[in-house]
Amino acid sequence: SYTYRILDILDRYGVKATFFMIGTNVEYYPEVAKEVLRRGHEIGNHTYSHSRLTKMDGSTLTEELMKCEAVMEKTLGHRPTLFRPPEGVVSEAVRSCADCRGYTVVLWSVDTRDWETKETGAIVNHVMREVRPGAIVLMHDYTAHSKTPEALEIVLPKLLAQGYEPVTVSRLIAGESAAPSDSDASSASPSSPLSLS
């Protein structure tokens, strides 16, 4: 239910985001995953079971990535190229495994802590205080009693008014930008890209 609300908010502001999906969630909620892709958002691999990878041996680690890939390919007809390790915990072994599978490892620069924070205002204030051009803003769509949709309703117009241009992670990495924004920039130059994921 949070995912659909978030998708509607993103649509309202014409914003595309990157959704790092857990394989088991794609299995349980295939229609939700399909809808994310149908609406033009980017999808990344977030492992099959969301277990801590640094405690795994190489074959188990590889299996986590491959099982998530297989579910996405079967359900969505799509193989992602971006990978986010659970909890952002990464090691040389994790990076090596991701590289061997053709993934770019993506972390974040602004953690909204929306998985922990139950106050909309606290999430909004944290994003607006920490955001910079080129930032990757981490949000979640599956946390119980989430205030993410409410916070996103406030954050998006604020970011757009400051001249930020939310883009997918791939576009951010590639340095691409869409048409310049008409917004007047107060703390960022017009069309300063950042990514919501």
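Structure first, text after, so check above.
The rules we used
Residues numbered from 1 in each chain as written. Predicted model: local features only at pLDDT ≥ 70, side-chain atom pairs only at ≥ 80, totals over all residues. Heavy atoms only, no water. Phe/Tyr/Trp six-rings, centres within 6.5 Å; stacked < 30°, edge-to-face > 60°. Buried < 20%, exposed > 50% of the residue type's maximum accessible area, 1.4 Å probe, protein only. Lys NZ or Arg CZ within 6 Å of the ring centre and 35° of its normal. Pairing = 2+ DSSP bridges. Helix = DSSP H or I, 4+ residues; strand = E, 2+ residues; numbered from the N terminus. Contact = heavy atoms within 4.5 Å. Axes fitted to C-alpha atoms, helices over the stretch in contact; angles between N-to-C directions. Disulfide = S-S within 2.5 Å. Salt bridge = Lys/Arg side-chain N within 4 Å of Asp/Glu carboxyl O.

Within the structure shown, the criterion is met by two aromatic pairs. With a centroid separation of 6.4 Å and an interplanar angle of 70°, the aromatic rings of Tyr 28 and Tyr 29 are classed as edge-to-face. Judged on exposure class, the residue Tyr 28 and its partner Tyr 29 are both exposed. Across the ring face of Tyr 103, the terminal group of Arg 79 is positioned such that the distance to the ring centre comes to 4.7 Å.

Time to look at the sheet that holds strand S5 (residues 110-111). Read across the sheet, four strands follow the order S5-S6-S8-S7 without closing on themselves; strand pairing throughout is parallel. Looking along the sheet, the strands with just one partner apiece sit at the ends: S5 and strand S7 (164-167). Alignment of strand S6 (residues 136-138) against strand S8 (residues 192-196), held across two bridges, turns out to be parallel. Note that in S8 the partner of Val 137 across the bridge is Leu 196. On top of the sheet, helix H7 (residues 148-161) reaches S7 and S8; it is set at about 125° to S7, its chief contact.

With that settled, the discussion passes to the state of the cysteines. In the structure shown here, the tally under the stated rule is zero disulfides. Cysteine Cys 68 remains unbridged, with the sulfur of Cys 97 as its closest cysteine sulfur at 12 Å. Here Cys 68 falls in the buried class, since its relative accessible area comes to 0%. With no disulfide of its own, Cys 97 has Cys 100 as its nearest cysteine by sulfur position, at a separation of 6.8 Å. When its relative accessible area of 9% is taken as the criterion, Cys 97 is described as buried.

Counting buried residues in S8 gives four out of five residues, a clear majority hidden from the surface. Relative to S8, S7 is paired through four bridges, and the arrangement is parallel. Within S8, the residue paired with Glu 165 across the bridge is Pro 193.

The next point concerns the pattern of salt bridges. In this structure the tally under the stated criterion is 13 salt bridges. When the shortest N-O distance is used, the salt bridge between Arg 39 and Asp 11 registers 2.7 Å. With a gap of 28 residues between them, Arg 39 in the loop between helix H3 (30-38) and strand S2 (42-45) and Asp 11 in helix H1 (residues 2-12) connect regions that are remote in the sequence. Given a relative accessible area of 37%, Asp 11 falls into the partly exposed group. Where Glu 116 meets Arg 113, a salt bridge forms, and the shortest distance between an N and an O atom there is 2.8 Å. On the basis of relative accessible area, Glu 116 is assigned to the partly exposed category, the value being 42%. Taken together, the shared-partner salt bridges connect Asp 8, Asp 11, Glu 35, Arg 38 and Arg 39 into one network.

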